[in-house]
Amino acid sequence: MVLDPVRTAEIAANLAEVRRRMTAAARRSGRAPGDVRLVAVSKTYPLTDIAAALAAGQHDFGENRLEELWPKVAAAKAEGLDAIRWHMIGTIQSRKTGDAVGPLTLIHAVDRVKIAQRLSRDAQAAGCVLDVLLEVNVSGEASKHGFTPTEVTTVAADLLALPGLRVCGLMTMAPFELAAEATRPVFRALRELRDELAVRFPAGDWRDLSMGMTNDFEVAIEEGATIVRIGSAIFGSRNG
Ligand SMILES: *Cc1c(COP(=O)(O)O)cnc(C)c1O
């Protein structure tokens, strides 16, 4: 694969800047920078861009559609890019759960009981256990996927009992239109919900909080994010 040196340098510089801002946000809130993982969201961008980021030391990549994810996984493998850890960050349709079973590091957006049950069943059939996060619609926007905070508490015990899933924590999306600082209550609420769940359901591993994107990742880190999902700040704007 031939990488364009200008584009490769641009991605490396963007990554360095994102990492610098992540470190500063972690320090500001008394956290260790190593406690926050960066998932580079590569949706709509080509494998050459992923290879450029990988060359700059970025190993975790996120895609939001299975139709785009698996061809990229296959192409990366064919190019020998074996050090990549793939994350499925988008919601999964109930008839597509079987397509989500594969070499994924983490599935970020399990948003309904039915999806969890089907994923578990399909994972079991394939003889594996999937690491997943539960997506929570903290802001209550009708357009957003996810469990309500009350719902997630109600169904937590049932979800923890599913044999094909390992629940590793929670994920949320803040309202897009908000300025970064205005997202703080959303991220804080997700952390508090996670802390409550960890007390009430100690059998679960509630370590991860996947929250924060290009516009709001510093606030998310200040509020306890362990994973941020960043696309545009690394690869550029997707809509022109
Ligand atoms: C696209 C996407 C992101 C990254 O968005 P940016 O604003 O480009 O950083 C994060 N999370 C999910 C679920 C996404 O679909």
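Just above, that's the structure.
Only a predicted model underlies this, so the values are computations on that prediction, with no experimental measurement involved.

### Some thoughts on the overall build of the protein chain
Thinking step 1. Tallying secondary structure elements over the protein chain gives eight helices and eight strands in all.
Thinking step 2. In terms of overall size, the protein chain behaves like a compact globule, its C-alpha atoms giving a radius of gyration of 17 Å where 240 residues would be expected to give roughly 18 Å.
Thinking step 3. In terms of principal-axis extent, the alpha carbons of the protein chain reach across some 50 × 45 × 30 Å.
Thinking step 4. Considering the protein chain as a whole, with its 240 residues, one finds that 49% of them fall into the buried category.
Thinking step 5. Restricting the contact set of the protein chain to residue pairs at least 6 apart, pairs at least 24 apart contribute 65%.
Thinking step 6. Total accessible area on the protein chain stands at roughly 10600 Å², and carbon and sulfur atoms take up 53% of it.

### Quick notes on the pairing of strand β6 (residues 165-171)
Thinking step 1. For β6, a buried count of six out of seven residues is recorded, marking the element as mostly surrounded by other parts of the structure.
Thinking step 2. Strand direction decides the pairing type here: strand β5 (residues 130-135) and β6, joined by six bridges, are parallel. Residue pairing across strands places Asp 131 opposite Arg 166, the latter belonging to β6.
Thinking step 3. Chirality of the crossover, the property in question, places the unit of β5, helix α5 (residues 149-160) and β6 among those that are right-handed.
Thinking step 4. Inspection of the sheet shows β6 paired to strand β7 (residues 208-210) by three bridges, in the parallel sense. The residue bridging Gly 169 from the neighbouring strand is Asp 208, located in β7.
Thinking step 5. The β-α-β motif built from β6, the intervening helix α6 (residues 184-200) and the parallel element β7 has right-handed crossover chirality.

### Re the packing of α5 against α6
Thinking step 1. It is at 11 Å that the axes of α5 and α6 come closest, and there the two elements cross at 20°. Taken as axis vectors, α5 and α6 run roughly parallel relative to one another. Judged by the sense of rotation from one axis to the other, the crossing of α5 with α6 is right-handed. Side by side, α5 and α6 meet where Pro 149, Val 152, Thr 153 and Ala 156 of the first sit next to Leu 193, Leu 197 and Arg 200 of the second.
Thinking step 2. In terms of residue class, the contact of α5 with α6 is built from five nonpolar, one polar and one charged.

The rules behind these values
- Residues numbered from 1 in each chain as written.
- Predicted model: local features only at pLDDT ≥ 70, side-chain atom pairs only at ≥ 80, totals over all residues.
- Heavy atoms only, no water.
- Helix = DSSP H or I, 4+ residues; strand = E, 2+ residues; numbered from the N terminus.
- Rg over C-alpha atoms; globule rule 2.2 N^0.38 Å.
- Buried < 20%, exposed > 50% of the residue type's maximum accessible area, 1.4 Å probe, protein only.
- Contact = heavy atoms within 4.5 Å.
- Areas by Shrake-Rupley, 256 points an atom, 1.4 Å probe, with all protein chains shown as cover.
- Pairing = 2+ DSSP bridges.
- Right-handed = clockwise from strand over helix to strand, strands pointing away.
- Axes fitted to C-alpha atoms, helices over the stretch in contact; angles between N-to-C directions.
- Parallel < 35°, antiparallel > 145°, perpendicular 65-115°, else oblique.
- Left-handed = near helix turned anticlockwise from the far one by under 90°.
- Nonpolar A, V, L, I, M, F, W, Y, C, P; charged D, E, K, R; others polar.

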